[in-house]
Each structure stands twice: as C-alpha cells, then as structure tokens.
Amino acid sequence: MTSTSALPLALIQLEVPPAEVTARIGEQPRWFIEALGLLPDDYVIVRPHLGESLPQFDRISGAILSGSWAMVTDHADWSERSAAWVRAAIEAELPLLGVCYGHQLMAYALGGKVADNPNGWERGLLPLTCETAAQRDELLAAFPGRFSAWLSHRQSVIAPPPQAQVLAKSDKDGCQILRYSPQALSVQFHPEFSRRIMRACLPQEVSDSGADMEGTDWARQLLVAFWQQTRPQAGQAQGA
C-alpha cells in the first residue's frame, strides 16, 4: 500500500502574474515552495487556467489555492471549474487552504458572496484582529489577538458561506480568515509573501525599514501549520 507520506501537496495556480512581476520573482507556486522549503517530491503544480485537470483527491495530501490578478466575479471557465472542484474536495474532507483569490473562490464556491470591497483596495502590511473563535481553532489557538500580514486585494468576501466561521478581520475586511470544516480554511492575506515579493508586486507599499516586518511571522506560521497538517503522523507513515 502506498503511504500517505508519498502524496504531494497540490499547488493550484490560479492564472499568472503580470509579466514584470514574473520576471522578478516568478509565478505563484514558487512563492509557496520557497516559503515552505518544499522539495520537488513534496508538491505538484496544477494550472487550471491552462486547461490542466484538477487533481484526484486520492493522489494528493491536500491543496493550496493561490492568489491571482483575476477576479472571481468574472466567472472565467477555469475559475468555475475550480470552484466545482472545491465543493467536491470539501465533501471528500481534503485539506484545503485558499489564499487571496483562493480565499474568495472557496467562499464563493460554498455559497458566500464575493464583490468589490466597498472599503477600497486593501494593500500593504496591515494589522489583523482574531475573533474569539480563533482561540478554539486547531491552527490559530496560539495566535495573539492581533498580528500583521501582507495584503493586496480589490475584491473581498462580502458575506461568508452560511456554514463558515469567521476567525479574523481587518479594518477594511470582515472576513480575513474563514474556517469551513476541520480540514478547510482560507485567508484573504498572503502568508507566503515576503517583503521581496510584496515589493515586486506593489513597490510603493513597502518601506526599506525592518520595523515594518513586525508580527508577520504569525502569518507564515499559519501556512507552515497547514502544510504540517497535511503530513501523516509518524505512526501512519509506514502504511498498512
């Protein structure tokens, strides 16, 4: 029997960055690979926008849905196909993490409402506030009441799906972290971002001061904790 440890994490790339961003820092999967220190056997990259098939659930350990310069409300064919896959993945209890566009796509797929953020474009390194429910969440229980994260989005989850639990918010966005099931959550911010990545995407939003990095380790910790959650326990790694 194939052990769970042999299954890769799916990095689901949702469209491509602008050419000038790609030239400087590559495309979205690279950012997650670097943030998590993934080895080649740890992951598989899937590009729905190129017509690639979304992975079968028994072939992956979990999935991260990336950010995008696209808009969920454009209802592109690849996006709608990915939304249908998300619904099936939730039913299959596959570990899922949505990031920015991936966050909005998951919420939309599960019955939430996505639209232009009425409070405007949220961008830069900004403080987030955890809700009381975060203290009971497996990944967030140790988080402080406030932490900082990199953000850049024009659209937001305006209304979460009925079954979703809001775990964090910001001044401009009431749905910064959503929990859908024990295996699935999504975040509006970018836990994979570093200052180098943010500078390539929005240089005007990044200062040269190291002081602006305070608190970002918590955002990265959530990403790492999700990745670890997809890995088998020591006693399961041998298979049966």
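The structure presented is a predicted model; accordingly, all values stated were derived computationally and were not measured.

Brief notes about the packing of helix α3 (residues 77-91) against helix α4 (residues 101-109)
- Orientation of α3 relative to α4, taken along the N-to-C sense of each, is 65 degrees, at an axis distance of 9 Å. Taken together, the axes of α3 and α4 are roughly perpendicular relative to one another. When you trace α3 past α4, the crossing you get is right-handed. In this structure, α3 uses Trp78, Ser79, Glu80, Ser82, Ala83, Val86 and Arg87 to contact α4, whose residues at the interface are Tyr101, Leu105, Met106, Tyr108 and Ala109.
- Its residues assigned to classes, the contact of α3 with α4 comprises eight nonpolar, two polar and two charged.

What to know about the packing of aromatic side chains
- With the rule as written, the count across this model stands at seven aromatic pairs.
- Relative to Phe189, the ring of Phe147 has its centre 5.8 Å away and its plane inclined at 80 degrees; by these criteria the two rings are edge-to-face. Residue Phe147 is located in strand β7 (residues 146-153), and its partner Phe189 is located in the loop between β11 (184-187) and α5 (195-201); the two are separated by 42 residues in the primary sequence. Like Phe147, the residue Phe189 is buried in the burial classification.
- Put simply, the rings of Phe143, Phe147, Phe189 and Trp218 touch in pairs and so form one group of aromatic residues.
- Here the basic side chain of Arg154 rests over the ring of Trp121, its NZ or CZ set 3.7 Å away from the ring centre.

Concerning helix α2 (residues 28-36)
- Within α2, seven of the nine residues are buried, leaving the element largely enclosed by the surrounding structure.
- Among all positions of α2, only Gln28, Pro29, Trp31, Phe32, Ile33, Ala35 and Leu36 are buried.
- Backbone geometry just after α2 places Gly37 at a positive phi near 65 degrees.

Topic: the environment of Arg59
- Along the chain, the position of Arg59 falls in the loop between β2 (43-46) and β3 (62-65).
- According to the relative accessible area criterion, Arg59 is exposed, its value standing at 54%.
- For Arg59, the residues in contact, after removing those within four places along its chain, are Leu7 and Pro8.

As for the pairing of β7
- Here β7 lies mainly inside the structure; six of its eight residues are buried.
- Where strand β6 (residues 122-130) and β7 come together, eight bridges link them in antiparallel fashion. Bridge assignment links Pro127 to a residue of β7, and that residue is Ser148.

Some points on unusual backbone geometry
- The backbone phi angle of His75 is positive, close to 55 degrees, even though this residue is not glycine.
- Examined against the element boundaries, His75 turns out to sit in the loop between β3 and α3.

What about the UniProt feature "domain: Glutamine amidotransferase" (unreviewed entry) in the protein chain?
- Here, the residues flagged by UniProt with the feature "domain: Glutamine amidotransferase" (unreviewed entry) are residues 59-196.
- Between the end C-alpha atoms of residues 59-196 there is a gap of 33 Å, over a span that is 19% helix and 35% strand.

With respect to the sheet that holds strand β9 (residues 165-169)
- Pairing within the open sheet is mixed, and its nine strands lie in the order β2-β1-β3-β4-β11-β10-β9-β6-β7. Two strands in the sheet have a free side with no partner beyond their single neighbour: β2 and β7. Going from strand to strand, the sheet's axes swing by 25 degrees on average, the running direction of each strand aside.
- Here four bridges tie strand β1 (residues 9-12) to β2, and the two strands are oriented parallel to one another.

Some thoughts on the nonpolar core
- Judged by nonpolar contacts, the single largest core of 33 residues is most densely connected at Leu9, Ile64, Leu97, Phe147, Ile177, Phe189 and Leu222.
- Sort the elements by how many residues they give to this core and helix α6 (residues 216-229) lands first, with six residues.
- If we skip the residues at most four places from it in the chain, Leu97 touches Ala63, Ile64, Leu65, Met106, Leu185, Ser186, Val187, Leu222, Leu223 and Phe226.
- Ile12, Leu54, Val72 and Leu96 belong to the second-largest nonpolar core, a separate cluster that totals 30 residues.

The rules behind these values
- Residues numbered from 1 in each chain as written.
- Predicted model: local features only at pLDDT ≥ 70, side-chain atom pairs only at ≥ 80, totals over all residues.
- Heavy atoms only, no water.
- Axes fitted to C-alpha atoms, helices over the stretch in contact; angles between N-to-C directions.
- Helix = DSSP H or I, 4+ residues; strand = E, 2+ residues; numbered from the N terminus.
- Parallel < 35°, antiparallel > 145°, perpendicular 65-115°, else oblique.
- Left-handed = near helix turned anticlockwise from the far one by under 90°.
- Contact = heavy atoms within 4.5 Å.
- Nonpolar A, V, L, I, M, F, W, Y, C, P; charged D, E, K, R; others polar.
- Phe/Tyr/Trp six-rings, centres within 6.5 Å; stacked < 30°, edge-to-face > 60°.
- Buried < 20%, exposed > 50% of the residue type's maximum accessible area, 1.4 Å probe, protein only.
- Lys NZ or Arg CZ within 6 Å of the ring centre and 35° of its normal.
- Pairing = 2+ DSSP bridges.
- UniProt positions renumbered as here; feature names shortened; annotations may be inferred.
- Core = buried A, V, L, I, M, F, W, Y, C linked by side-chain atoms within 4.5 Å.

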